[in-house]
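Here's the letter readout for the chains.
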Amino acid sequence: MRYSLMLCAGLAASPAMAGIEEALTDHILPGFAGFSTAADALAVTAEADCSPDALRAPWNAAFDAWTEIGDIRMGPSETGALSVSFWPDARGFTPKTLRRLISSEEEVGTDPAAFADVSIAARGLFALEQMLYDADFDDYAPGSYACTLVQTATADLASQAQALEAGWRDGYAAVLRSAGAEGNSAFLSEQEAMTALYTQVLSSLEFTADSRLGRPLGTFDRPRPTRAEAWRSGRSLRNVLLYAEAAEELAMALSDGEMPQTEAAMQRLRDAAYKVSDPSLQDIEDPSARLRVEIVQQNVRALSGYIEQELGVPLGLTAGFNSQDGD
């Protein structure tokens, strides 16, 4: 994910600065702990049974947990998230890398410690999705190299999740909490820390509208359904909703007041999503199906706008967007 979000802070600090602590204790730290727990459960299951049938449910549980904090790209997550969630993969590096590993039975695929050095295209949630849901990969037998590769990849994912949780819990949380204190070179004021967290909210919604929905929508004459995130597993629309809900939850934690328009906008987004006929977004070549997805996209952008009004304005923040989706 590549995007930029330029924020200009007002001169006066706001009482909402207390939201830094709430964002950490109510959303961010529990989110990373939950992802670590879910990733570990996936690895334990894989060790006992590497089959796709056994792993799809815990893989989906791990992905659900990831959406809570997956769009937070600061601190340990600024680079650490890339190998957990390598998407979009516009050039198809993931299937190419997996095919190479399997065809040559490279030793690195059997060693979880060494696996940290392979291409990020073969690591994380999307490489596992390919192994568990793609017909070109999901017919492996117990005891095969591909089976071992899946076990290695799940163990590696659990290690990544543990490292991210520890990095936030034991390091970066203190950096945010001490914003403005002497010696804190990352955030010279509480306002800067709040700005950084506010950025995560709006950039997540921007990425959801422009990439998670915009990529498969393509153009009316040329929709690109297989560019949807996690379409093989049928969770493209689910991801849209979960990431939007996570952004809303983080915004609520940052705010010191009620955000009724934001809550109403989130409900309208849910209502629009429930009308989408295919959760994998593979039917958007049909004009009526496409329209329903476009309405979801509009509601994501509306949610962002209400968060700006009810959180950004009271904080004295204005946002200007210059988005790049990584294509």
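K.L.:
Go over the environment of valine 108 with me, naming the residues and quoting the values.
P.N.:
Position of valine 108 relative to the elements: it lies in the loop between helix H4 (93-104) and helix H5 (112-115). The spatial distance from the C-alpha of valine 108 to the C-alpha of valine 118 is 7.6 Å, given a sequence separation of 10 residues. Discounting residues that sit within four places of it in the chain, valine 108 has contacts with Leu101, Ala114, Phe115, Val118 and Thr152.

K.L.:
Explain the side chain of asparagine 184 to me, using residue names and the numbers behind them.
P.N.:
With respect to the helices, strands and loops of the structure, asparagine 184 is situated in the loop between helix H7 (145-177) and helix H8 (190-217). A polar atom in the side chain of asparagine 184 sits 3.0 Å from the side chain of serine 178.

K.L.:
A description of the packing of aromatic side chains should follow, citing residues and the corresponding values.
P.N.:
Note on aromatic pairs: each is described by the distance of the centres and the angle between the planes. Here the structure, examined in full by the defined rule, presents eight aromatic pairs. Note on tryptophan 59 and tyrosine 133: the rings are 5.5 Å apart at their centroids and 55° apart in plane angle, and the pair reads as tilted. Taken together, the positions of tryptophan 59 in helix H2 (residues 52-69) and tyrosine 133 in helix H6 (residues 124-133) put the pair 74 residues apart, joining distant regions of the chain. Each ring, one from phenylalanine 63 and one from phenylalanine 126, has its centre 5.4 Å from the other, and the planes form 90°; the classification is edge-to-face.

K.L.:
Before we move on, can you summarise the confidence of the model for the protein with the specific residues and values?
P.N.:
Parts of the prediction with low pLDDT should not have their coordinates interpreted in detail. Scored by pLDDT, the protein comes out at a mean of 92, with 91% of its residues at no less than 70. Ignoring residues within four places in sequence, the model shows residues 1-16, a span with pLDDT below 50, making 53 contacts including any to other chains. Counting contacts from residues 320-327, a segment whose pLDDT is below 50, to residues more than four positions away or on other chains yields 26 contacts.

K.L.:
If you had to explain the state of the cysteines to someone new, which residues and values would you point to?
P.N.:
Taken as a whole and judged by the stated rule, the model has one disulfide. Linked covalently through their sulfurs, cysteine 50 and cysteine 147 form a disulfide whose S-S length is 2.1 Å. Taking the sign of the torsion about the S-S bond as the criterion, the disulfide between cysteine 50 and cysteine 147, at about -115°, is left-handed. One end of the pair, cysteine 50, is in the loop between helix H1 (19-48) and H2; the other, cysteine 147, is in helix H7, with 97 residues separating them in the sequence.

Calculation notes
- Residues numbered from 1 in each chain as written.
- Predicted model: local features only at pLDDT ≥ 70, side-chain atom pairs only at ≥ 80, totals over all residues.
- Heavy atoms only, no water.
- Helix = DSSP H or I, 4+ residues; strand = E, 2+ residues; numbered from the N terminus.
- Contact = heavy atoms within 4.5 Å.
- Polar contact = N/O pair within 3.5 Å; in protein donor to acceptor, adjacent residues only side chain to side chain.
- Phe/Tyr/Trp six-rings, centres within 6.5 Å; stacked < 30°, edge-to-face > 60°.
- pLDDT = per-residue confidence, 0-100.
- Disulfide = S-S within 2.5 Å.

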